[in-house]
Amino acid sequence: MRTLARLALALAFAFAAGASLAQQPAPDLEFEGRLKRLEADLRCLVCQNQTLADSNAPLAEDLRREVRALALSGKSDAEIRTFLVARYGDFVLYDPPVKESTWLLWFGPFLLLGGGVAVWLAIVRRRRGAGVSAGADEPAVAPDASERARKMLDETSSG
Amino acid sequence: MKALRWGIPLAIFAVLVGFLFVGLYRDPREVPSPLVGKPAPAFSLADLREPGRKVATSDFKGQVWLLNVWASWCVSCRVEHPLLVELAKAKAVPIVGLNYKDKDADGLAWLAQHGDPYTLSVVDADGRVGIDWGVYGVPETFVVDKAGVIRYKHIGPVTAEALQQTILPLVRKLQQS
């Protein structure tokens, strides 16, 4: 009996919750998804290693509100990014644009990679060079030693 | 060949040490503002002392002025505040306060307690104007020239050193031009 009462109560709560949910306008999932993606690409200036989407800083809240308002007014993602960059600089972008001041950032890793490849090639070439010169100048095996070895091999195979 | 073998790693190490050493003395919280050299974003906000009166950026055309972003909840604002009070006494340059995301009553009480160095303070209750000015941490101080162009931004509490070596010389130069 008690279980039944509990069940009824639970059902009643579930209904009430469902009813209050149904009264709210259905969230536009596509729009919310777009905002989330946009905010995940923007940096919070207060907690500098957090995205705008993740940060709980009051400024991040304000900026999210601003981004939402701009998106609602029909601005494109690029326009919203331009709006923020005009105020806070490229720093707000997690994907900084390629320009003179960011050349080192974008191409630096390739420079390092190139340097690594150059070092590797130099080492390989030197090793190979060392092997060739060893064969030419000072034979690794004395000529009479190989002669003797051949003789010994002949003896064992014939005997 | 031997020299290269030692020289190249040593050079790379030296460059790395150089970068790290410079990095030690740079504050990652100081993000250079793209607004320096651009016209100050226009606002029209209520005066904190006379809520009925609207104050606009254009009211300051023709003079060099400072915009100081402050709030009663801002702890480091207390650090710079005595300097601002002193600066106001010297009447070197008008200081406009932007009372950022604050309650009017709290802001007025704070000024009554710590002294009011501001020619006037404007109310930015929701921080909307702060966003236009690229404010991301309080306090921040902007130097605006006669034509209404932002010439300098100081992030964080103004220090005596910054005031004497950078802000005041710049203000004097701009006032003469």
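Being a predicted model, the structure only gives us computed values, none of them experimental.

### Observations concerning the confidence of the model for chain A
When pLDDT is averaged across chain A, the result is 83; 78% of the residues are at 70 or more. Element-level mean pLDDT values for chain A span from 63 in helix α1 (residues 2-23) of chain A up to 94 in helix α4 (residues 77-88) of chain A.

### Some points on the interface of chain B and chain A
Taken together, the contacts link 11 residues of chain B with 13 residues of chain A. Considering only residue class, the side of chain B that touches chain A consists of 6 nonpolar, 4 polar and 1 charged.

### A word on the packing of helix α2 (residues 29-40) of chain A against helix α3 (residues 58-72) of chain A
The description of two packed helices rests on the angle between their axes and on the distance between the axes. Residue and element names in this part refer to chain A. Running from N to C, α2 and α3 cross one another at 130°; their axes reach a closest spacing of 11 Å. When the interaxial angle is binned, α2 and α3 end up oblique. Every pair of crossing elements has a handedness; the one defined by α2 and α3 is right-handed. Each of Leu35, Leu38 and Glu39 in α2 lies in contact with α3, whose residues at this interface are Arg64, Val67, Arg68 and Ala71. A breakdown of the residues in the contact of α2 with α3 according to their chemical character gives 4 nonpolar, no polar and 3 charged.

### Describing the sheet that holds strand β6 (residues 140-144) of chain B
Residues and elements named next belong to chain B. Read across the sheet, 5 strands follow the order β5-β4-β3-β6-β7 without closing on themselves; strand pairing throughout is mixed. Both outer strands of the open sheet, β5 (120-124) and β7 (150-155), are each paired with one neighbouring strand and no more. Taken over all neighbouring pairs, the strand axes of this sheet differ in orientation by 20° on average, direction set aside. Of the pairings in the sheet, the one linking strand β3 (residues 65-70) to β6 comprises 5 bridges and is antiparallel in character.

### Focus: α4 of chain A
All names here are of chain A. Look at α4: 16 Å from first C-alpha to last across 12 residues, which is about the 16 Å you get at 1.5 Å a residue. For α4, the complete set of buried residues consists of Ile80, Leu84, Arg87 and Tyr88. One side of α4 holds all its buried residues, which, seen down the axis, span an arc of 80°. Turned more than 90 degrees away from the buried face of α4 sit Ala78, Glu79 and Thr82, all of them exposed. One or two steps after α4, the chain reaches Gly89, where phi turns positive at roughly 85°.

Conventions we followed
- Residues numbered from 1 in each chain as written.
- Chains lettered and ligands numbered in written order.
- Predicted model: local features only at pLDDT ≥ 70, side-chain atom pairs only at ≥ 80, totals over all residues.
- pLDDT = per-residue confidence, 0-100.
- Helix = DSSP H or I, 4+ residues; strand = E, 2+ residues; numbered from the N terminus.
- Contact = placed C-beta atoms within 7 Å.
- Nonpolar A, V, L, I, M, F, W, Y, C, P; charged D, E, K, R; others polar.
- Axes fitted to C-alpha atoms, helices over the stretch in contact; angles between N-to-C directions.
- Parallel < 35°, antiparallel > 145°, perpendicular 65-115°, else oblique.
- Left-handed = near helix turned anticlockwise from the far one by under 90°.
- Pairing = 2+ DSSP bridges.
- Expected span 1.5 Å × (residues − 1).
- Buried ≥ 20, exposed ≤ 12 C-beta atoms within 10 Å, placed from the backbone.
- Arc of directions from axis to C-beta.

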